[in-house]
Amino acid sequence: MRAPASPQGRFLLRASGLFIVLLAMWWWLLLTPMLAGLRLSTRVLVWVMPGGSSASGVMVQPDGDWLLRIPVPGFLARQDAVQRAYGRAPGAPPVNVRSFRLVIGERIPTFFTLGFPLFWALVPAAPRTGQMWRLLAVGTGVLAVLAQLSLLFYAAFSIETNLHLATSATASTIWSALEYLNLNVVPYVTPVLLAAWLHTELRAQIFSWSAEPEAASVVQEEKARRGRYRAKK
């Protein structure tokens with residue numbers, strides 16, 4: 001099989017091969033420690049929330065799903081929608097709401113780590129640079145922060161959906177749109193944009209689709225000039 005002539009075609013071929021290899025490594029070797037690290041950081045974050053020291057935690061259930069105990073701030077716990085969701089009858093004293101128990105499937109945090117092998121495949125497939133390892137380290141750190149934020153936003157959206165905290169149709173639409181982006185756009189688009197942003201040569205290559213055709217036209221024009229010159233002789 002002949003290699004693609006354009007630099008962009010060679011880049012896509014290298015990136016596709018690397019992505020297949022790294023995706024297998026991510027699934028078989030790296031996913032378990034990555035999920036463990038995500039659980040640990042989530043546990044720390046919910047612990048430092050107001051009220052988190054006494055009512056917080058992340059546990060793995062026997063079926064692999066995650067059980068999150070997220071502390072509910074006092075101002076939120078006193079809202080009527082939250083009180084009704086926790087069983088307060090009309091005219092009854094307020095219910096003491098300390099935390100919200102949320103069960104999420106293991107596929108959700110797994111999905112938020114899918115961008116790592118894609119980013120790891122794009123950077124080495126790009127034109128060579130002496131800063132490749134630094135770019136990989138910086139990009140991996142950014143993706144780790146993004147995975148944590150995506151998981152927290154998913155938890156916040158689930159709490160809002162269960163407790164019906166949105167007070168208008170517009171607010172519900174905005175929440176739903178943001179969650180759609182969080183699940184269906186960010187994991188795919190962010191690694192590509194991040195690689196192009198960090199890797200200068202890759203960014204230049206992406207925006208240089210017309211470089212080679214212009215060079216070819218210059219060569220053809222030069223040949224035509226030589227032909228006309230010989231004809232005059």
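Residues numbered from 1 in each chain as written. Predicted model: local features only at pLDDT ≥ 70, side-chain atom pairs only at ≥ 80, totals over all residues. Heavy atoms only, no water.

A. Spatial organisation of the overall build of the chain. If you tally the helices and strands in the chain, you get 10 helices and 3 strands. The secondary structure elements of the chain, listed N-terminal to C-terminal, are α-β-β-α-α-β-α-α-α-α-α-α-α. For the chain, the residues scored as buried account for 32% of the 233 residues in total. A separation of at least 24 residues holds for 69% of the contacts in the chain among residues at least 6 apart in sequence. Carbon and sulfur atoms form 65% of the exposed surface of the chain, whose accessible area is close to 14,600 Å². (Helix = DSSP H or I, 4+ residues; strand = E, 2+ residues; numbered from the N terminus. Buried < 20%, exposed > 50% of the residue type's maximum accessible area, 1.4 Å probe, protein only. Contact = heavy atoms within 4.5 Å. Areas by Shrake-Rupley, 256 points an atom, 1.4 Å probe, with all protein chains shown as cover.)

B. Highlighting the packing of aromatic side chains. Applying the stated rule across the entire model yields 5 aromatic pairs. Note on Phe-153 and Trp-175: the rings are 5.6 Å apart at their centroids and 25° apart in plane angle, and the pair reads as stacked. Here Phe-153 is found in helix H6 (residues 132–163), whereas its partner Trp-175 is found in helix H7 (residues 169–184), with 22 residues between them in sequence. Among the aromatic residues, those joined into a ring-pair cluster are Phe-153, Phe-157 and Trp-175. (Phe/Tyr/Trp six-rings, centres within 6.5 Å; stacked < 30°, edge-to-face > 60°.)

C. Molecular detail of the packing of H7 against helix H8 (residues 186–198). At a minimum axis separation of 5 Å, H7 and H8 run at an interaxial angle of 60°. Classed by the angle they form, the pair H7 and H8 counts as oblique. On H8, the residues that touch Leu-181, Asn-182, Leu-183 and Asn-184 of H7 are Val-186, Pro-187 and Tyr-188. Here the contact of H7 with H8 is composed, by residue class, of 5 nonpolar, 2 polar and no charged. (Axes fitted to C-alpha atoms, helices over the stretch in contact; angles between N-to-C directions. Parallel < 35°, antiparallel > 145°, perpendicular 65-115°, else oblique. Nonpolar A, V, L, I, M, F, W, Y, C, P; charged D, E, K, R; others polar.)

D. Structural context of the environment of Thr-32. Position of Thr-32 relative to the elements: it lies in helix H1 (residues 7–48). For Thr-32, a relative accessible area of 63% corresponds to the exposed category. Considered as a pair, Thr-32 and Thr-110 are 78 residues apart in the sequence and their alpha carbons are 9.3 Å apart.

E. Here's a closer look at the nonpolar core. With 44 residues, the main nonpolar core has Phe-11, Trp-66, Leu-68, Leu-102, Ile-104 and Phe-119 as its most contacted residues. Listed by contribution, the elements that provide at least two residues to this core are H1, strand S2 (66–71), helix H2 (74–77), strand S3 (99–104), helix H5 (115–125), H6 and H8. Here the element with the most residues in this core is H6; it accounts for 9 residues. Not counting residues within four places of it along the chain, the set of residues in contact with Leu-68 comprises Thr-42, Gly-57, Val-58, Phe-100, Arg-101, Leu-102, Ile-104 and Ala-155. (Core = buried A, V, L, I, M, F, W, Y, C linked by side-chain atoms within 4.5 Å.)

F. Layout of H6. In this model, H6 (32 residues) spans 46 Å end to end at C-alpha, consistent with the 46 Å of a helix rising 1.5 Å per residue. Backbone geometry just after H6 places His-164 at a positive phi near 55°. (Expected span 1.5 Å × (residues − 1).)

G. Expanded view of the confidence of the model for the chain. Confidence in the prediction of the chain, expressed as mean pLDDT, is 83, and 85% of residues score 70 or more. The secondary-structure element of the chain with the lowest mean pLDDT is helix H10 (residues 211–232), recorded at 51, while H5 shows the highest, at 95. (pLDDT = per-residue confidence, 0-100.)

H. Here's a closer look at the sheet that holds S2. The strand order across the open sheet formed by 3 strands is S1-S2-S3, and the pairing between neighbours is antiparallel. Each edge of the open sheet carries a strand with a single partner, namely strand S1 (57–60) and S3. This sheet shows a mean twist of 15° between the axes of neighbouring strands, independent of strand direction. Inspection of the sheet shows S2 paired to S3 by 6 bridges, in the antiparallel sense. Among the inter-strand pairings, Arg-69 is bridged to a residue of S3, identified as Arg-101. Packed onto the sheet, H1 meets S1 and S2 and runs at close to 20° relative to S2. The strands touched by H6 within the sheet are S2 and S3, with S3 carrying the most contacts at an inclination of about 110°. (Pairing = 2+ DSSP bridges.)

I. Main features of H5. Among the 11 residues in H5, 9 count as buried, and that is most of the element. Inspection of H5 places Gly-115, Phe-116, Pro-117, Phe-119, Trp-120, Ala-121, Leu-122, Val-123 and Ala-125 among the buried residues, and these make up the whole buried set.

J. View of the environment of Gln-61. Relative to the assigned elements, Gln-61 resides in the loop between S1 and S2. Among the residues examined, Gln-61 registers a relative accessible area of 26% and is labelled partly exposed. Those residues in contact with Gln-61 that sit more than four places away from it in its chain are Leu-67 and Val-103.

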